[in-house]
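Here is what each chain is made of, one letter per residue.
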Amino acid sequence: MKKTVLTFTLLFALISGASFAQQNPKTRIHQVGINFSTLNSFGLHYKTGNEKTLLRLSFLSLNLGSSAEWGKPEDSLDYKTQNYGAGFRLGFEKRVQVVSQLNFIWGLEAGLNYTYNKQSAEYPNSNFTRTEWHMTPLVDVVIGLTYTIANHLVVGVEITPGIQYSFGKVKNITETQTSENTTSSFGFGFNNNAAALSVAYRFGK
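Residues numbered from 1 in each chain as written. Predicted model: local features only at pLDDT ≥ 70, side-chain atom pairs only at ≥ 80, totals over all residues. Heavy atoms only, no water.

## Points about the overall build of the chain
And then number 1: Within the chain one finds one helix and eleven strands.
And then number 2: In the chain, the succession of helices and strands from N to C terminus is α-β-β-β-β-β-β-β-β-β-β-β.
And then number 3: For the chain, with 205 residues in total, the buried portion stands at 36%.
And then number 4: Across the chain, every contact between residues at least 6 apart in sequence was considered, and the portion connecting residues at least 24 apart equals 57%.
And then number 5: With an accessible surface of roughly 12300 Å², the chain has 61% of that area assigned to carbon and sulfur atoms. (Helix = DSSP H or I, 4+ residues; strand = E, 2+ residues; numbered from the N terminus. Buried < 20%, exposed > 50% of the residue type's maximum accessible area, 1.4 Å probe, protein only. Contact = heavy atoms within 4.5 Å. Areas by Shrake-Rupley, 256 points an atom, 1.4 Å probe, with all protein chains shown as cover.)

This is how it looks when you write it as structure tokens:
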């Protein structure tokens, strides 16, 4: 199952890029910006094309952070967590003008997310470590609005409902045993609880 979904995702991305290149041999617009949905989930995007159709390429950073806690000297508790993730998206978007400078956008994109999480706890008489990673190929529908200011600054908001398949491994290590499990899940719906915001600079027209 996971191989099929991953193959479909990569094939979709390649076909989208190739089709767009054939339809738009001479691009006129370039757009570079940053997008974010929460403080620890953000990314960079690049778009190129004409006034009606743009090729989209995004690189994302997900859930980046680490923390540590220490107990009192008598209990010697030491607890640490570390997590990070990254991903990419490739697809296209169509623009439909609503009023001057305001566009409704829709499109499709495919991509892949990778996340890693590690938790460790050291007690006076025992230690515990849990590590897990997940790979998530996905296909999204893009729906949103963009507003262009002074023909160069583009502010946008969008939601990306879609389908995704996640697989990975979880490993637990204690003083007496080590266990490793494979996980998988399939989902349909919204990737984020809130809409993603973006700010970009447009040039090349």
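Here the narrative resumes.
## Considerations on the pairing of strand S6 (residues 102-122)
And then number 1: For strand S5 (residues 78-99) and S6, the ladder comprises 21 bridges, and the chain directions are antiparallel. Bridge pairing links Lys80 to Ser120 in S6.
And then number 2: With antiparallel pairing between neighbouring strands as the criterion, S5 and S6 make up a hairpin whose turn holds two residues, including Gln101 at a positive phi of roughly 75°.
And then number 3: The sheet contact formed by S6 and strand S7 (residues 127-149) spans 21 bridges and is antiparallel. Paired with Lys118 across the two strands is Thr131, which belongs to S7.
And then number 4: Between the antiparallel neighbours S6 and S7 lie four residues. (Pairing = 2+ DSSP bridges.)

## Comments concerning the environment of Tyr165
And then number 1: Relative to the assigned elements, Tyr165 resides in strand S9 (residues 161-174).
And then number 2: Given a relative accessible area of 10%, Tyr165 falls into the buried group.
And then number 3: Taking the C-alpha atoms as reference, Tyr165 lies 5.9 Å from Pro137; in sequence the two are 28 residues apart.

## Here's the deal with the confidence of the model for the chain
And then number 1: Of the residues in the chain, 77% have a pLDDT of 70 or more, and the chain-wide mean is 83.
And then number 2: Ignoring residues within four places in sequence, the model shows residues 20-24, a span with pLDDT below 50, making six contacts including any to other chains. (pLDDT = per-residue confidence, 0-100.)

## Examining the packing of aromatic side chains
Remark: the centre distance and the inter-plane angle together describe each pair of aromatic rings, the angle taken between the planes.
And then number 1: Applying the stated criterion to the full structure yields four aromatic pairs.
And then number 2: Ring centres of Phe92 and Trp106 lie 6.4 Å apart, and the angle between their planes is 75°; this geometry places the pair in the edge-to-face category. Residue Phe92 is found in strand S5, and its partner Trp106 is found in strand S6; the two are separated by 14 residues along the sequence.
And then number 3: Note on Trp106: relative accessible area 38%, which makes it partly exposed.
And then number 4: Each ring, one from Tyr165 and one from Phe167, has its centre 6.2 Å from the other, and the planes form 35°; the classification is tilted. (Phe/Tyr/Trp six-rings, centres within 6.5 Å; stacked < 30°, edge-to-face > 60°.)

## Looking at the environment of Met135
And then number 1: By the secondary structure assignment, Met135 is in strand S7.
And then number 2: Once the C-alpha coordinates of Met135 and Thr115 are considered, the two residues, 20 residues apart in sequence, prove to be 6.8 Å apart.
And then number 3: Apart from residues no more than four positions distant in its own chain, Met135 is found in contact with Leu112, Asn113, Tyr114, Tyr165, Ser166 and Phe167.

## A look at the environment of Asn50
And then number 1: Following the sequence through the fold, Asn50 ends up in the loop between strand S2 (41-49) and strand S3 (53-62).
And then number 2: The spatial distance from the C-alpha of Asn50 to the C-alpha of Arg28 is 5.7 Å, given a sequence separation of 22 residues.
And then number 3: Reaching out from Asn50, the side chain makes a polar contact with the backbone nitrogen of Lys52 at a distance of 2.9 Å.
And then number 4: A polar side-chain atom of Asn50 sits 2.7 Å from the main-chain amide nitrogen of Thr53. (Polar contact = N/O pair within 3.5 Å; in protein donor to acceptor, adjacent residues only side chain to side chain.)

## Topic: the pattern of salt bridges
And then number 1: Here the structure, examined in full by the defined rule, presents eight salt bridges.
And then number 2: A salt bridge links Glu93 to Lys47, with the nearest nitrogen and oxygen atoms 2.9 Å apart. A residue pair is termed long-range when its members are at least 10 positions apart, and Glu93 in strand S5 and Lys47 in strand S2 qualify at 46 residues.
And then number 3: Residue class for Glu93 comes out buried when judged on its relative accessible area of 0%.
And then number 4: Measuring nitrogen to oxygen at the nearest pair gives 3.9 Å for the salt bridge that ties Asp140 to Arg89. Linking Asp140 in strand S7 with Arg89 in strand S5, this pair joins segments that are 51 residues apart in sequence. Here the two residues Asp140 and Arg89 agree in accessibility, since each one is buried.
And then number 5: When salt bridges with common partners are traced through the structure, they connect Lys47, Arg56, Glu93, Arg95, Glu109 and Glu158 into a single cluster. (Salt bridge = Lys/Arg side-chain N within 4 Å of Asp/Glu carboxyl O.)

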